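# Topology and contacts: notes
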Amino acid sequence: MLEADNLECVRGERRLFAGLGFRLNPGELLNLQGRNGSGKTSLLRMLIGLLPPENGEIRWQGESIRKLGDDYRGDLCYLGHLNAIKEELTPLENLLAAARLAEENLSEDDALDALEQVGLAGREDLACKYLSQGQKRRVALARLVKEKRPLWILDEPFVALDVAAVDWLAGIISGHLQRGGLAVMTTHQQVDIPAGTVRELRLS
Amino acid sequence: MTDRFNLYRFASPATFYPLAGRMIPWFIAASIAFGLAGLWLGMLVAPTDFQQGEGYRIIFIHVPASWMSMFIYLVMAFWAAIGLAFNTRLSGMMAQALAPTGALMAFLSLWTGALWGKPMWGTWWVWDARLTSELILLFLYIGYMALTAAIDDVRRADKAGGLLLLVGVVNIPIIYFSVQWWNTLHQGSSVNLTKSSMAVTMLWGMLLMALCFWMYSIAVALARARTIMLERERHTDWVKAELAGEQK
Amino acid sequence: MLKIILAVIGRDLKLAMRRQADIVSAIFFFVIVVSLFPLGVGPEPDLLRTLAPGVLWVAALLATMLSLPRLFADDHRDGTLEQLALAPHPLGIVVTGKVIAHWLVSGLPLALIAPILGIQFDLSSKALLILTGSILLGTPALSGIGAIGAALTLGLRGGGVLLSLLVLPLYIPVLIFGAGAVDATVSGLGGEGHLSLLAALTFASLGFAPWASAAALKIALE
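All values reported here derive from a predicted model rather than from experimental measurement.

## A word on the overall build of chain C
When its secondary structure is counted, chain C shows ten helices and zero strands. In chain C, the succession of helices and strands from N to C terminus is α-α-α-α-α-α-α-α-α-α. For 222 residues, the compact-globule estimate of 2.2 N^0.38 gives 17 Å, and the C-alpha radius of gyration of chain C, at 18 Å, lies within 12% of that figure. Along the first, second and third principal axes, the C-alpha atoms of chain C reach 55 × 30 × 30 Å. Taking the contacts inside chain C whose residues are at least 6 apart along the sequence as the reference set, 80% of them involve residues at least 24 apart.

Quick look at the structure:
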């Protein structure tokens, strides 16, 4: 269960939001909406613990995420608008290195399977700098295929994906919610998530 | 509990701004008074040194400036530690307000040291351990100011600058020790700056001048902190009220 | 903990190997700077022998500085740094791994090539040995202290110049003890005292610097 209580965000001289709170239960998805610059990304960065809120508190399973520290980060999977992949490494190496640094168990077979699902079969051993923008995004998304951690925080996951890929990703997120996972995401486009409860939060 | 409350009250810029404004004239007055007394003692009362003649009198500027340059760095590091530990807005502003004065003191100390060195040792500069350390201290001040100036977000500037100050404070003893070690190894300039037979009037003159520099530094730092505050908090109600009041 | 450090080292070394031009250009920079000095001060062997420790060490400092801006910048630009900061272990451990990897591709090659350059300066074989040893012992401290500067200037305009302004004054003790060790050997005093102080500096900075850098990285990631 993820709770936010009375959050306040100040960036530079502007107060982006104040008194913001929500509560998210297992199997629920929180969809953040709002104009550019309304503080969506800032809120996500607060939720992952990189940006300390001016006021208020975020709790995971009833405990402040500040206190939980490493334990919270162990339950958290974050997908930013940057792909977090290394151009010099191949898709396979990228997946395996990311998993190892996040202390997750990912076998080579699982990684190959994930790459096949995102449509990169046959390109596992090509350095990422030779891939197109869309393909690089898929390498980043492939991390979600075998992801077991309960809380997903996704910043604009549907951007720059074609229709088939959007459906596929919606399916992956549904599967996560069905397994009792939680997710918070921002998106500009209307996407149907087949399973789970979708809650909307509008920042203005 | 009341203690804590007061601490936070004074740490808030809205309270600090008028308080600092009232305090500045007093520190300026004290600085002038100590300065006049110190100069009178140093220039007129203190005896002429039989070895160094009248030239030695520059120590009444040189020694207080060196003391202040080191002391101000410690004060800045203190504010930095407070700022990083308690996330107070005032600490970063104080550290930034002190930095130019500290750099000025380090520069003064080097400059007057060179002026003193020419007639005494026959050279403007020697690679003495103290001179070298003072030079490095000046570099540290410049580094701090350059870093805070390069960061646009003031919060990040305060925090990054504070961290640099703490790293610097840990390093200063190591740098000083290594420079001294290096100096004794090379035995190049074995000029001893300390004089055992310092007249009592000279000591008093130096102390008074140190107090003068101290009061000056506080006054200037407070004035600078006030401008930084106005600039950073220009969108808050208290600054708008303050500015409206001044225009009347 | 060791597993994480090794994983970071492994990843960074693999990346460095696929971008060898960076390593090679830092080494050539070192070679060129050192070779320019005799051209500037004249070829007298006595003078060169006196200058050698300082010249080699200052060149080593500058060559290390060259590769520092990229220590975190690449990871920052492609978003990997965020992922590293979100891993379920302290960021200081990750930085320790990165510092060690940085030393393996910057400090270690310098130490290996330094004796060859020392011959150009007519150093005795004992002095060459101490020179290699001092660079080997001292450069990890340079990578560690440099990491703090790299983290503080991450993503800033003119970060490279600023980085040298912040880091070079902090390098002074390493320079003094490193060059001092060779100097003392050349003048027949024995450089062991310097070397042990250099080792102490390296251990202290490897213990302390990654955590200071991690704090600076968190400030930069806010």
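There's plenty left to go through after this.
## With respect to the overall build of chain A
Looking only at helices and strands, chain A features seven helices and nine strands. For a compact globule of 204 residues, the expected C-alpha radius of gyration is about 17 Å, and chain A comes in at 17 Å, within 12% of that figure. Each principal axis of the C-alpha atoms in chain A carries an extent, and together these give about 50 × 35 × 35 Å. When burial is assessed residue by residue, chain A has 39% of its 204 residues classed as buried. Expressed as a percentage of contacts within chain A between residues at least 6 apart in sequence, the contacts between residues at least 24 apart total 67%.

## Brief notes about the confidence of the model for chain C
Residue and element names in this part refer to chain C. Averaged over every residue, the pLDDT of chain C is 91; the share at 70 or more is 100%. By mean pLDDT, the top-scoring element of chain C is helix α6 (residues 91-105) (95), and the lowest-scoring one is helix α9 (residues 159-186) (90). Our summary of model confidence lists the complex with pTM equal to 0.89 and ipTM equal to 0.90.

## Quick word on the sheet that holds strand β8 (residues 182-186) of chain A
Residue and element names in this part refer to chain A. Taken in spatial order, the five strands line up as β6-β7-β8-β3-β9 in an open sheet, and their pairing is parallel. A single partner strand is all that each edge strand has here, and the edge strands are β6 (76-79) and β9 (197-203). For this sheet, the mean inter-axis angle between neighbouring strands, taken without regard to orientation, is 15°. Summarising the sheet, strand β3 (residues 28-34) and β9 pair through seven bridges and their orientation is parallel. Among the inter-strand pairings, G34 is bridged to a residue of β9, identified as L203.

## Here's the deal with the sheet that holds strand β5 (residues 63-64) of chain A
Residue and element names in this part refer to chain A. Here we have four strands laid out as an open sheet, ordered β2-β1-β4-β5, and antiparallel in their pairing. Edge positions in the sheet fall to β2 (14-24) and β5, since each has one partner strand and no second. Here five bridges tie strand β1 (residues 2-11) to strand β4 (residues 55-60), and the two strands are oriented antiparallel to one another. Within the sheet, the bridge partner assigned to E3 lies in β4 and is R59. The sheet contacts of helix α1 (residues 40-47) involve β1, β2 and β4, and relative to β1 the element is tilted by about 125°.

## Focus on the pairing of strand β7 (residues 151-155) of chain A
Residue and element names in this part refer to chain A. Counting buried positions along β7 gives five out of five residues, so the element sits mostly inside the fold. Where β6 meets β7, four bridges bridge the pair, whose relative direction is parallel. Its bridge partner lying in β7, C77 is registered against W152. In the sheet, β7 pairs with β8 via five bridges, with the strands oriented parallel. Paired with L151 across the strands is L182, a residue of β8. In this view, the connection linking β7 to its parallel neighbour β8 by way of helix α7 (residues 163-178) has right-handed handedness.

## Overview of the packing of helix α1 (residues 2-17) of chain C against α6 of chain C
Residue and element names in this part refer to chain C. Where α1 contacts α6, the axes come no closer than 8 Å and their chain directions differ by 40°. Accordingly, the angle class assigned to the pair α1 and α6 is oblique. Considering only the axes of α1 and α6, their crossing is right-handed. Packed against α1, whose contacting residues are I4, I5, V8, I9, D12, L13 and A16, the element α6 presents I93, V94, T96, G97, K98, I100, A101, L104 and V105 at the interface. Split into classes, the residues belonging to the contact of α1 with α6 amount to twelve nonpolar, two polar and two charged.

## Notes on the interface of chain B and chain C
At the junction of the two partners, chain B supplies 23 residues and chain C supplies 20 residues. Per-class residue counts for the side of chain B that touches chain C are 18 nonpolar, three polar and two charged.

## Section: helix α6 (residues 133-145) of chain A
All names here are of chain A. The end-to-end C-alpha distance of α6 is 19 Å, a good match for the 18 Å that 13 residues give at a rise of 1.5 Å each. By the burial criterion, the buried members of α6 are K136, R137, R138, V139, A140, L141, A142, R143 and L144. Residues of α6 that are buried in the fold lie against β6, α4 (91-101), α5 (108-117) and α7.

## Some words on the packing of helix α3 (residues 45-67) of chain C against helix α8 (residues 125-152) of chain C
Residue and element names in this part refer to chain C. Here α3 crosses α8 at 35°, and the two axes come no closer than 10 Å. Viewed along their axes, α3 and α8 form a crossing whose handedness is right-handed. Together, P53, L56, A60, L61, T64 and M65 of α3 and L131, I135, T139, L142, S143 and G146 of α8 make up the contact between the two elements.

## Considering the nonpolar core
I153 of chain A, M76 of chain B together with L56, A151, Y171, A216 and L217 of chain C are the most contacted members of the largest nonpolar core, which totals 195 residues. Broken down by element, the residue count for this core peaks at 17 residues, all from α9 of chain C. If we ignore the near neighbours within four places in the chain, the residues touching A151 of chain C are F72, S213, A216, L217 and A220 of chain C.

Definitions and cut-offs
- By convention here, each chain's residues receive numbers from 1 onward along its written sequence.
- Whichever chain is written first is A, and whichever ligand is written first is 1; the rest continue in order.
- Given that the model is predicted, a residue must reach a pLDDT of at least 70 before its local features are reported, and side-chain atom pairs must reach 80 or more before they are shown or counted; all residues, however, enter totals for whole chains, interfaces and linings.
- Runs of H or I in DSSP of at least four residues are treated as helices and runs of E of at least two as strands, each being numbered from the N terminus.
- Radius of gyration here is computed from C-alpha atoms only, and the compact-globule reference equals 2.2 Å multiplied by the residue count raised to the power 0.38.
- Contacts here follow a simple rule: the backbone-placed C-beta atoms of the two residues must lie within 7 Å.
- Buried means a residue has 20 or more other C-beta atoms within 10 Å of its own C-beta, exposed means 12 or fewer, and partly exposed covers the counts in between; C-beta atoms are placed from the backbone.
- pLDDT is a per-residue confidence score from the predictor, ranging from 0 to 100.
- Strand pairing requires that DSSP identify at least two bridges connecting the strands.
- Inter-axis angles, ranging from 0 to 180 degrees, are taken between N-to-C directions of lines fitted to C-alpha atoms, where helices are fitted over the stretch in contact.
- Crossovers are marked right-handed if the path from the first strand over the helix to the second runs clockwise, as seen with the strands pointing away from the viewer.
- Oblique is the label for any angle not under 35 degrees, not over 145, and not in the 65 to 115 range, which are roughly parallel, roughly antiparallel and roughly perpendicular in turn.
- Take the far helix as the reference: if the near one is turned anticlockwise from it by less than a right angle, the crossing is left-handed, and if turned clockwise, right-handed.
- Residue type decides the class: Asp, Glu, Lys and Arg count as charged, Ala, Val, Leu, Ile, Met, Phe, Trp, Tyr, Cys and Pro as nonpolar, and the leftover types, Gly among them, as polar.
- A helix is expected to span 1.5 Å for every residue after the first.
- Each nonpolar core comprises buried Ala, Val, Leu, Ile, Met, Phe, Trp, Tyr and Cys residues, the members being joined through C-beta atoms within 7 Å.

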